[in-house]
Amino acid sequence: MTSLRKSMSPERFDPYTHKAGGDRELAAELYVYNSRVAEALLHPLNLIEVTLRNSIDRVLVKLHGHDWHLSQQVSDVFLMEGGANTLQAAVSRSGRNALRGDIIANLSFDFWSNMFRDHYGDFWRYHLLEVMPNLPEGVTRHDLQVSVKTINNLRNRVAHYEPILDMNVSGILTNVFKIVGYICKDTAVWGKHNARLQAVTRTRPQTAGKSSTPLSTRLDKNFAIISTNDSLLTALNKLDVNSMVAVIENDQKQIAGAASAKTFLNQIIQCSCQNGLEGMIDLSEISIIEILTDKPFEPWKMFPDEVSIQTVAAEFNSKTIKIAVGYDVESSKVSGVMLRAHRKY
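Quick caveat, the model's predicted, so the values are computed rather than measured.

Caption draft 1: Examining the side chain of Arg100 more closely. Topologically, Arg100 is positioned in helix 6 (residues 100–105). Side chain to side chain, Arg100 and His66 meet in a polar contact 2.9 Å long.

Caption draft 2: Representation of the pattern of salt bridges in the model. In this structure the tally under the stated criterion is eleven salt bridges. Salt bridges here are not isolated pairs; linked through shared partners, they connect Glu49, Arg53 and Arg155.

Caption draft 3: Summary view of the sheet that holds strand 6 (residues 334–339). Read from one edge to the other, the open sheet built from three strands follows the order 4-5-6, with strand pairing classed as mixed. Pairing within the sheet leaves two strands with one partner each, and these edge strands are strand 4 (300–304) and strand 6. For this sheet, the mean inter-axis angle between neighbouring strands, taken without regard to orientation, is 25°. Pairing of strand 4 with strand 5 (residues 323–327) involves five bridges; the strand directions are parallel. Following the sheet pairing, Phe303 is matched in strand 5 by Gly326.

Caption draft 4: Spatial organisation of the layout of surface pockets. Approximately 1000 Å³ is the volume found for the largest pocket. What lines the largest pocket is a set of 34 residues, among which Thr150, Met167, Asn168, Ile172 and Met302 lie closest to the centre. Of all the secondary-structure elements, those providing two or more residues to the lining of the largest pocket are helix 2 (10–19), helix 9 (141–159), helix 10 (169–183), strand 1 (223–227), strand 3 (255–260) and strand 4. Here the residues of the lining of the largest pocket are counted per class, giving 15 nonpolar, ten polar and nine charged.

Caption draft 5: Representation of the sheet that holds strand 3. Taking strand neighbours across the sheet as the criterion, the three strands line up as 1-2-3 in an open arrangement whose pairing is mixed. Bordering the open sheet on either side are strand 1 and strand 3, each of which pairs with just one other strand. Ignoring which end each strand starts from, the neighbouring axes of this sheet average 25° apart. Alignment of strand 2 (residues 245–249) against strand 3, held across five bridges, turns out to be antiparallel. Pairing of Ile248 across the sheet is with Gly257, part of strand 3.

Caption draft 6: A look at the pairing of strand 3. Of all six residues in strand 3, five are buried, a share of seventy percent or more. Hairpin connection, strand 2 to strand 3: the antiparallel pair is bridged by five residues, and Lys253 has positive phi, about 65°.

Caption draft 7: Representation of the packing of aromatic side chains. If you walk through the whole model with that rule in mind, you get seven aromatic pairs. Seen from their ring centres, Phe111 and Trp112 are 4.9 Å apart, and the 90° between their planes marks the pair as edge-to-face. In terms of burial, Phe111 and Trp112 fall into one category: buried. A centroid spacing of 4.9 Å and a plane angle of 80° characterise the contact between Phe123 and Trp124, whose relative ring orientation is edge-to-face. The two residues Phe123 and Trp124 agree in class, both being buried.

Caption draft 8: Expanded view of empty space enclosed by the protein. Applying the stated rule across the entire model yields one cavity of 30 Å³ or more. Together, 13 residues line the largest cavity, and Tyr33, Leu165, Met167, Val169 and Arg204 are the ones closest to its centre. Secondary-structure elements contributing two or more residues to the lining of the largest cavity are helix 3 (24–64) and helix 10. Classifying every residue of the lining of the largest cavity by side-chain character gives nine nonpolar, three polar and one charged.

Caption draft 9: Examining the nonpolar core more closely. In terms of nonpolar packing, the biggest core is built from 65 residues, with Leu41 and Met132 touching the most fellow members. In contact with Met132, other than residues within four places in its own chain, are Leu52, Phe116, Leu144, Ile179, Tyr182 and Ile183. One finds Leu239, Ala246, Ile248 and Ala261 within the second-largest nonpolar core, a separate group that totals 13 residues.

Caption draft 10: Just helix 3, in detail. The terminal C-alpha atoms of helix 3, which comprises 41 residues, lie 56 Å apart, in line with the 60 Å expected from a rise of 1.5 Å per residue. Remark: the principal bend of helix 3, roughly 35°, maps to Leu42, with a proline, Pro44, within the next four residues. Positive phi appears at Gly65, one or two residues downstream of helix 3, with a value of about 95°.

Caption draft 11: View of the packing of helix 3 against helix 10. As a packed pair, helix 3 and helix 10 sit with axes 10 Å apart at the nearest point and diverge in direction by 30°. Our classification of the angle between helix 3 and helix 10 gives roughly parallel. The handedness of the crossing between helix 3 and helix 10 is left-handed. On the side of helix 3, the interface is formed by Val37, Leu41, Pro44, Leu47, Ile48, Thr51, Leu52, Ser55 and Arg58, while helix 10 contributes Val169, Leu173, Val176, Phe177, Ile179, Val180 and Ile183.

Caption draft 12: Up close: unusual backbone geometry. A positive phi is found at Ser9, a non-glycine position, where the angle reads about 90°. Relative to the assigned elements, Ser9 resides in the loop between helix 1 (2–8) and helix 2. Even without being glycine, Tyr161 reaches a positive phi, approximately 60°. Residue placement: Tyr161 occurs in the loop between helix 9 and helix 10. Given a relative accessible area of 62%, Tyr161 falls into the exposed group.

What counts as what
Residues numbered from 1 in each chain as written. Predicted model: local features only at pLDDT ≥ 70, side-chain atom pairs only at ≥ 80, totals over all residues. Heavy atoms only, no water. Helix = DSSP H or I, 4+ residues; strand = E, 2+ residues; numbered from the N terminus. Polar contact = N/O pair within 3.5 Å; in protein donor to acceptor, adjacent residues only side chain to side chain. Salt bridge = Lys/Arg side-chain N within 4 Å of Asp/Glu carboxyl O. Pairing = 2+ DSSP bridges. Axes fitted to C-alpha atoms, helices over the stretch in contact; angles between N-to-C directions. 1 Å grid on protein atoms, 1.4 Å probe; cavity = no way out; pocket = protein on both sides within 12 Å on 5 of 7 lines; lining within 4 Å. Points joined across faces, edges and corners; volume = space filled by probe spheres on them. Nonpolar A, V, L, I, M, F, W, Y, C, P; charged D, E, K, R; others polar. Buried < 20%, exposed > 50% of the residue type's maximum accessible area, 1.4 Å probe, protein only. Phe/Tyr/Trp six-rings, centres within 6.5 Å; stacked < 30°, edge-to-face > 60°. Core = buried A, V, L, I, M, F, W, Y, C linked by side-chain atoms within 4.5 Å. Contact = heavy atoms within 4.5 Å. Expected span 1.5 Å × (residues − 1). Bend = angle between axes of the 7 residues up to and from the residue. Parallel < 35°, antiparallel > 145°, perpendicular 65-115°, else oblique. Left-handed = near helix turned anticlockwise from the far one by under 90°.

Right, here's the structure in full:
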């Protein structure tokens, strides 16, 4: 194992050793498992990148012509500075006489995911349903931005052989096929049929018999799932006296943040004071999203509930997070929470 650690580099191998509680043999198994999960993700990540960029390209051709990638209007007005620089670099690499398809192939997923930013609000306001004809009512550009950013982050970690053991890959994969389905339902069905992630995640090395204790045995079940669309009144009704943590869920059913019940309630009180008229306010008329504009969440992180408690303890001890949110790997549903101040090992 010493030779393997040297070949992989301590910086790359040691996170797996840490996760394995110091057991280097288990660390090597986790390294292989991480690689197998990454391999299983290549097909769906390729599918969403190609499907999304082609759909946006079709609309850009309609708006700016077949050679939109060479248009001064696109570079100077439509794109943000970073996007314009990325496009120019792709054109330079391929040559100005290259086919548009070659240029598009040279543009990273970062380029396309960044097009969901606020700067492009007008584009999406008028052309969202052209890019995604099957988009359900109520799903917004911002919802898509959050999903695509998370997918892009996973894609970059896979591309650079980074650890993805603590990422909710099953949940992200669900959103991959959702977005592909918004563009083309048949393509999403085909992608799901060929997906292998679920079979791979069942082979995760277990720590049974090791010194590690799974997080699932220490998670507190007293939490409330609060939707960003909930009114303040609905949120208060969900937060009963036993709730330790408010877990915030966006329109895409993704976990967007977490806060202790005390912090969350204080945020609601502050909002009431700021928005109330002579102390009176109708809690049913203000949505949660309206109070989540400034930095409402405490430092938090999601963990598979089968991860060792030592891994979570290390995060708490480093003071990088205050809240751990555990989730079930197969269902992607939140299974419990743990506060740093109340942790029990």
